[in-house]
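The residues making up each chain are set out below.
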Amino acid sequence: LERTVDLRVDPVYSEFQIETARSCGPGQVTLSASGLNASVEYYWYDAEHSTDPLAIGQIFETPALEKSKTYFVAARNSLGCEGQRIQVEAEVSHIEEAIISFDGGVLSSNYTGNLQWYLDDQPIEGAVNQELVPLQSGTYSVVANVGGCQTSAYYEFSVTGIEDSSDGRVSVYPNPTKERVIVELRNVDPAELVLMNHMGQTVGSAVFSVKDGIQNAEFDLINTPTGVYLLRIRQGVRDIYFKIIKE
């Protein structure tokens, strides 16, 4: 009497490739497993000891998640034998939305770094600081990169000239200028002076001297490139702005 035995051997797999992903804010996360032969199926679970899989296949699309969640995946061979379950993290990142504010002729982002300003969807060269001085009409936007995620904001700007609110307490002259700008402040309260270019970068500062109840300061612009600049006078919690034209 002869008996034929069909003996099949298929290894149990506990190592394979896993790719995780991230959702920038609440949403679905796509996880994947690969690297084994075509006869292997990947089983996805919501816990290490769950009996029923959430999905079967190389790709697993999670439900909409409000926060990060841990899943498990295992490889099941052609004989139905399942290997060790491997932990997979579906990451949900919560970042603060970008905001653009406008005050005294200056656009400001709520982010201070890892950002880029755009005008009509075109990047503004060198505009990577928190503040930007808009010099022409258009749609300004800022894109901030935060932990692998991006957030953006938009601001419609129309050039109408920068109005100061100095109530006659400040004189800035000559303006336009070719060489220097003199600033007179008709009070003795402590004040700071900063001159910025259109990218919001500081290109100069000056210190006031006091005489007869009037504060005086001077900016030397001889070696400063021609263009439009913004003078900011900060006194306490109040900022006063003047647009300076260097010819």
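The following refers to the structure shown. Residue numbers here run from 1 along each chain, matching the order of that chain's written sequence. Selection of residues for local features in this predicted model requires a pLDDT of at least 70, selection of side-chain atom pairs for listing and counting requires 80 or more, and totals for whole chains, interfaces and linings are taken over all residues. To get the side-chain values, all heavy atoms of the structure are used, and hydrogens and water are removed first.

Another point: the overall build of the protein chain. Counting from the N terminus, the helices are DSSP H or I runs at least four residues long and the strands are E runs at least two residues long. When its secondary structure is counted, the protein chain shows zero helices and 23 strands. Taking 2.2 N^0.38 as the reference for a compact globule, 247 residues should give roughly 18 Å; the C-alpha atoms of the protein chain span a radius of gyration of 31 Å, well beyond that estimate. Remark: exposure states derive from per-residue accessible area (1.4 Å probe, protein chains only) relative to the maximum for the residue type, with buried under 20%, exposed over 50%, and partly exposed in between. Residues classed as buried in the protein chain amount to 39% of the 247 residues present. Note on contacts: a residue pair qualifies if any of its non-hydrogen atoms lie within 4.5 Å across the two residues. Contacts spanning at least 24 positions in sequence make up 56% of the contacts within the protein chain whose residues lie at least 6 apart. Note that accessible areas follow from Shrake-Rupley with a 1.4 Å probe, and for residues the cover is restricted to the protein chains shown. Surface summary for the protein chain: the accessible area is close to 14400 Å², and the carbon and sulfur share equals 47%. Our radius of gyration looks at C-alpha atoms and nothing else; its globule reference is 2.2 Å times the residue count to the power 0.38.

Pairing between strands requires that DSSP locate at least two bridges from one strand to the other. Spatial strand order, β2-β8-β7-β4-β5: five strands in an open sheet with mixed pairing. Two strands bound the open sheet, and with one partner strand each, they are β2 (22-24) and β5 (55-56).

On to the packing of aromatic side chains. Two aromatic rings from Phe, Tyr or Trp, using only the six-membered ring of Trp, form a pair when their centres are within 6.5 Å; if the ring planes differ by under 30 degrees the pair is stacked, by over 60 it is edge-to-face, and anything between is tilted. Considering all chains together, one arrives at six aromatic pairs under this definition. With a centroid separation of 6.0 Å and an interplanar angle of 80°, the aromatic rings of Y140 and F157 are classed as edge-to-face. Linking Y140 in strand β14 (residues 138-146) with F157 in strand β15 (residues 149-157), this pair joins segments that are 17 residues apart in sequence. Taken together, the aromatic side chains of F102, Y140, Y155 and F157 make up a single cluster linked through ring pairs.

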